[in-house]
Amino acid sequence: MPEAIIGVIGGSGLYQMEGMSEVEEIAIETPFGAPSDTITLGKVEGVSMAFLPRHGRGHRFSPSEVPSCANIWALKSLGVQYVISVSAVGSLREDYEPRDLVIPDQLFDRTKSRVNSFFEGGIVAHCPFADPFCPELSAILLESARALGDVTVHKGGTYVCMEGPLFSTKAESNLNRKLGFDLIGMTALPEAKLAREAELCYAVIACVTDYDCWHEAHDAVSVEMVVSNLSANVANAQRILRLAAQKLAPTREDVSCRCESALASAIMTDPVRIPQEVKEKYSLLVSKYLA
Ligand SMILES: CSC[C@H]1O[C@H](OP(=O)(O)O)[C@H](O)[C@@H]1O
Ligand SMILES: Nc1ncnc2[nH]cnc12
């Protein structure tokens, strides 16, 4: 199986990574089905990268339909250590303006019908999730975004993940603001939870495309608005990815986050009670703990 260190999940408007060399297209099947599309493997700044468009090429999967378990599993099976999501978001605050970038640091779950854990059917695990985004990867993305010099980038913010696919009502948007949320989107969950269970560093480059529907002086969000504001941001996100790739070490000796050992004390099920077929199904995630 080919390998990659960095996995990029492209969101709305980002269906391919420009400037990759040694490109190879691979189809992967996982115990959780097929990912959103084939994965493009290649090199960016000499670092191996796997690119996967979250909604599929041509934007075929709604946020509720994105096969996140398969997507994260497929990246893990390629040896990916860092997963970077590029995501379109609405802003819930005046100073996070359309076309700005944000590296969020918190997440609030308002999804309703998504599979948000790998673990079921005879194996139970409870991973820590107080800090849903990898602080080290987020810091590298922030540093890389700031190095661009010509983009406004904000450090931190709470991303509230709604179910969708319809956008919010004004009542919901105003309540989300009162609750202190900064950004709204539909896809960081369950992705962030699954990445944690798969012991992958996960962080988001959030591209602000609109003020949702709360702002009296701006039109309510529409697909047209999102698409027009994404065009600039998606190019900037790719510039950030190129800079970040150079900073992400191929070995993890210097890494101090705890993403890589998130399952270390999380598995509750008595190993002798885990059926052999379940151990085999989950070996990619748990073999080092159930040896
Ligand atoms: C096209 S607007 C709504 C759509 O855009 C965002 O997608 P992604 O996070 O994949 O960039 C949002 O979450 C919705 O899925
Ligand atoms: N206002 C919004 N609400 C939910 N998801 C979005 N993605 C981009 N803008 C959004």
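See above for the structure.
Overview of the structure. Values in this document were obtained by computation on a predicted structure and should not be read as measured data.

1. Brief notes about the side chain of Thr111
For step 1, the next point in the chain: Here Thr111 lies in the loop between strand E7 (106–110) and helix H2 (135–148).
For step 2, the next point in the chain: Separated by 2.6 Å, the side chains of Thr111 and Asp109 make a polar contact.
For step 3, the next point in the chain: Ignoring any residue separated from it by four or fewer positions in sequence, one finds Thr111 in contact with Cys161, Met162, Glu163 and Leu189.

2. Observations concerning the site of ligand 2
For step 1, the next point in the chain: Surveying the vicinity of ligand 2 reveals the residues Ala88, Val89, Gly90, Met162, Phe167, Ile184, Gly185, Met186, Thr209, Asp210, Asp212 and Val221.
For step 2, the next point in the chain: At 3.3 Å from a nitrogen atom of ligand 2 is found a main-chain nitrogen or oxygen belonging to Ala88.
For step 3, the next point in the chain: Separating a nitrogen atom of ligand 2 from a side-chain N or O atom of Asp210 is a distance of 2.6 Å.
For step 4, the next point in the chain: Expressed as a share of its isolated accessible area of 260 Å², the protein-covered part of ligand 2 is 95%.
For step 5, the next point in the chain: When each cavity is represented as a set of grid points, ligand 2 is found to reside in the largest pocket.
For step 6, the next point in the chain: Breaking the shell around ligand 2 down by element, the ones donating at least two residues are strand E5 (82–91), strand E10 (183–185) and strand E11 (201–210).
For step 7, the next point in the chain: Take the shell around ligand 2: its biggest share by element is three residues, from E5.
For step 8, the next point in the chain: Broken down by class, the residue content of the shell around ligand 2 amounts to seven nonpolar, three polar and two charged.

3. Observations regarding the site of ligand 1
For step 1, the next point in the chain: In the vicinity of ligand 1, the residues found are Gly11, Ser12, Arg54, His55, Pro63, Ser87, Ala88, Phe167, Gly185, Met186, Thr187 and Val226.
For step 2, the next point in the chain: Within the contact set of ligand 1, an oxygen atom lies 2.8 Å away from a side-chain nitrogen or oxygen of Arg54.
For step 3, the next point in the chain: Between ligand 1 and the protein, one listed contact pairs an oxygen atom with a side-chain N or O atom of Ser87 at 2.4 Å.
For step 4, the next point in the chain: Of the residues in the shell around ligand 1, the class split is five nonpolar, six polar and one charged.

Conventions and cut-offs
Along each chain, the written sequence defines residue order, and numbers are assigned to residues from 1. For this description, chains carry letters from A and ligands carry numbers from 1, given in the order in which they are written. In keeping with the model being predicted, local features are shown solely for residues with a pLDDT of at least 70 and side-chain atom pairs are shown and tallied solely at 80 or more, while totals for entire chains, interfaces and linings include all residues. Only hydrogens and water are set aside; all other atoms, that is, all heavy atoms of the structure, feed into the side-chain values. Numbering goes from the N terminus for both helices and strands, where a helix is a DSSP run of H or I of at least four residues and a strand is a run of E of at least two. The definition of a polar contact used here is a pair of N or O atoms within 3.5 Å, where within protein one atom must be able to donate a hydrogen and the other to accept one, and adjacent residues in sequence count solely through side-chain atom pairs. Contacts are assigned to residue pairs that have any heavy atoms within 4.5 Å of one another. Here, proximity means that at least one heavy atom of the residue falls within 4 Å of the molecule or strand. The accessible surface values rely on the Shrake-Rupley method and a 1.4 Å probe; as for residues, cover is taken only from the protein chains in view. Computed over the protein atoms alone on a 1 Å grid, cavities are sets of points where a 1.4 Å probe fits but cannot get out and pockets are open sets with protein on both sides within 12 Å along at least five of seven lines; a residue lines them when it has an atom within 4 Å of a point. Criterion for pocket placement: a molecule counts as inside a cavity or pocket if more than half of its atoms are within 2 Å of its grid points. Under the scheme applied here, ten amino acids are nonpolar (Ala, Val, Leu, Ile, Met, Phe, Trp, Tyr, Cys and Pro), four are charged (Asp, Glu, Lys and Arg), and all others, including Gly, are polar.

So far we have only geometry, and geometry alone does not tell us how the molecule works.
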